[in-house]
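# Fold and contact review
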Amino acid sequence: MNRQTVSRKSGERLGGWRLEHSYARLPEPLFTRQAPVPVRAPHPCLLNTALALELGVDPDFLAGPEGTAMLAGNSLPPGSEPIAQAYAGHQFGHFTMLGDGRALLLGEQTTPDGRRCDIQLKGSGRTPYSRQGDGRAALGPMLREYVVSEAMHALGIPTTRSLAVVRTGEPVLRDTVLAGAVLTRTADSHLRVGTFEYAARYAPAALESLTDYTIRRHFPVCAEAANPALALLEAVAVRQAELLAKWMHVGFVHGVMNTDNMALSGQTIDYGPCAFMDAYHPDTVFSSIDSGGRYAYGRQPGIAMWNLARFADTLLPLIGDSPSRAATQAESALATFANRFQAAWLDGARARLGLLAVEEGDDAMVRELYDWMREAKADHTNTFAFLCGRAMPETAPFGRPRFRSWHARWVARLAHQPGGLDAARERMRRTTPAIVPRNHIVEAALTAAASHDDFGPLRRLLDALARPFDHDGIPAAYRQPPPPDSPPYRTFCGT
Ligand code: AMP
Ligand code: MG
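Residues numbered from 1 in each chain as written. Chains lettered and ligands numbered in written order. Predicted model: local features only at pLDDT ≥ 70, side-chain atom pairs only at ≥ 80, totals over all residues. Heavy atoms only, no water.

### Here's the deal with the site of ligand 1
As a structural note, the neighbourhood of ligand 1 is formed by 16 residues, with Gly99, Gly101, Asp134, Gly135 and Asp270 the closest of them. Here Asp134 contributes a side-chain N or O atom positioned 3.0 Å from a nitrogen atom of ligand 1. Taking Gly135, its main chain carries an N or O atom lying 2.8 Å from a nitrogen atom of ligand 1. Calculation on ligand 1 without its partners gives an accessible area of 490 Å², and the protein chains cover 83% of this total. Split into classes, the residues belonging to the shell around ligand 1 amount to two nonpolar, six polar and eight charged. Residue assignment places the shell around ligand 1 across two domains, with domain 1 (5–190) and domain 2 (194–350) each supplying three or more. (Near = heavy atom within 4 Å. Polar contact = N/O pair within 3.5 Å; in protein donor to acceptor, adjacent residues only side chain to side chain. Areas by Shrake-Rupley, 256 points an atom, 1.4 Å probe, with all protein chains shown as cover. Nonpolar A, V, L, I, M, F, W, Y, C, P; charged D, E, K, R; others polar. Domains from an automatic or database assignment.)

### A closer look at the domain arrangement of the protein
What the domain assignment lists for the protein is domain 1 (5–190), domain 2 (194–350), domain 3 (354–438 + 469–495) and domain 4 (439–468). Centre-to-centre separation of domain 1 and domain 4, based on C-alpha positions: 21 Å. At the junction of the two partners, domain 1 supplies twelve residues and domain 4 supplies 14 residues. In terms of surface lost to domain 4, no three residues of domain 1 exceed Leu46, Arg144 and Val147, which account for 39% of the buried area on that side. At the boundary of domain 1 and domain 4, one finds two salt bridges. (Contact = heavy atoms within 4.5 Å. Buried area = accessible area lost by both parts, 1.4 Å probe. Salt bridge = Lys/Arg side-chain N within 4 Å of Asp/Glu carboxyl O.)

### What to know about the pattern of salt bridges
In total, this model carries 30 salt bridges according to the counting rule given. When the shortest N-O distance is used, the salt bridge between Arg161 and Glu54 registers 3.3 Å. Of this pair, Arg161 sits in strand 10 (residues 161–173) while Glu54 sits in helix 2 (residues 49–55), and the two are 107 residues apart along the sequence. A salt bridge links Arg115 to Asp113; the shortest N-O distance between them is 3.5 Å. Salt bridges sharing common partners tie together Glu20, Glu108, Arg116, Asp118 and Arg217. (Helix = DSSP H or I, 4+ residues; strand = E, 2+ residues; numbered from the N terminus.)

### Some details on the coordination of the magnesium ion (ligand 2)
Around the magnesium ion (ligand 2), the protein contributes the donor atoms Asn261 (OD1) and Asp270 (OD), which lie 2.2 Å from the metal centre. Classification of Asn261 by relative accessible area gives buried; the value is 8%. (Donors = N, O, S within 2.8 Å, 3.2 Å for Na, K, Ca; no water. Buried < 20%, exposed > 50% of the residue type's maximum accessible area, 1.4 Å probe, protein only.)

### With respect to the pairing of strand 5 (residues 88–91)
Regular strands place side chains that alternate from one sheet face to the opposite one. One ladder, built from four bridges, connects strand 5 with strand 6 (residues 94–97); its direction is antiparallel. Within strand 6, the residue paired with Ala88 across the bridge is Met97. Counting the residues between successive antiparallel strands, the hairpin from strand 5 to strand 6 contains two residues, one of them, Phe92, with a positive phi of roughly 45°. (Pairing = 2+ DSSP bridges.)

Next comes the structure, spelled out in structure tokens:
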């Protein structure tokens, strides 16, 4: 879809918006109707032109006053039915009632290529689920979600995306007074494990409709299965296994894998306290509130499995009338997760090392590299990126004998494959990123934008993050790990 096609349609449909709202047809306990609270002075900060075009929405319209008003919640796109979704969730293992406390689902846009896509405003004012919160969001964290979610998308990792960030012209009070903003988030849906936990606990009569809806929207083949609820559980487990393997390969630490932050579609959701690992270590934690390391990098697959077990709990009455038989069936469906995760992880690791046909000793070679990275505190992204290049750096830790010995064996292993080392490196460069959004670099760009109104560094960073496999084109400054004397990076929830 090019810009002109969209523009032509924009007259008829106000910017190309054509929202429907299948979610609002579900039973009422699952949501509350709620209008956005208008803001004083909407001002555009970031607009995702490529995503607008994918949605069939005119980027020029969005950038203008009418479009900006919509992206701030001061007016509504045609077809909107703003609702706050009800959900619950296990937060750090404890069940809590939650819901959209500062977000509103406006509706679903059908893209020109036929996909249904949720359009959600985040930071659009209080809702019945706001508890003590102000319903608002600060500019810095919304820009951060924009940057990291778009980087994830470019890395080929399923994720919610960011259409725009609009400043509100109103202050928000956190530890200090900050500029307020609204983020427009898109998603395959906002159905979460926590949505089912809410229904199972507080609206059991709606559970069956919610299950049918989820199947229709994301896993239509499950409707044909002998036991659709069981098939849904397995399908969600498979998507999560594939997602988790992808996170692990790029060193992504989600940081708050509560069940309300696990999307059933298999997209990454909630960019609050997430961060990317520099030096490789499975115990890596960034979130200031995760003192026990529950959501540490290396624990993520196990936590995903724990969350899926909470999802399974909600489905048991639909899986079968006999609770014990349903539990056994659910357990075997859940076992899919571990197998699929292992297979997806190993496939990805092999691809990153350029390995074609499976040979004896491959698994040990992969494991040895990870063991070495941990011991040497090697930079995760750069270790793999260097392996795609023609020469490894001679500097520490790559000049040390243990790595040299591993490297020589790896080169010998590749040499007798079809195409040898050169062909392997060519393939590796297509799946190994040269850049991830490194924390210190993202922070510097966010500070320039949010504190000094200088969006230049952020735009340049976004441009580089949009082409992570361009090994020759990424500026060297973006590839540098943080200086060795930097304090540990910390992230925060409730931003
Ligand atoms: P999160 O940590 O983003 O997963 O959010 C947990 C819960 O807190 C969700 O129910 C959010 O909607 C809610 N929440 C977070 N920030 C705010 C806020 N500023 N105002 C109201 N609710 C909020
Ligand atoms: Mg959340």
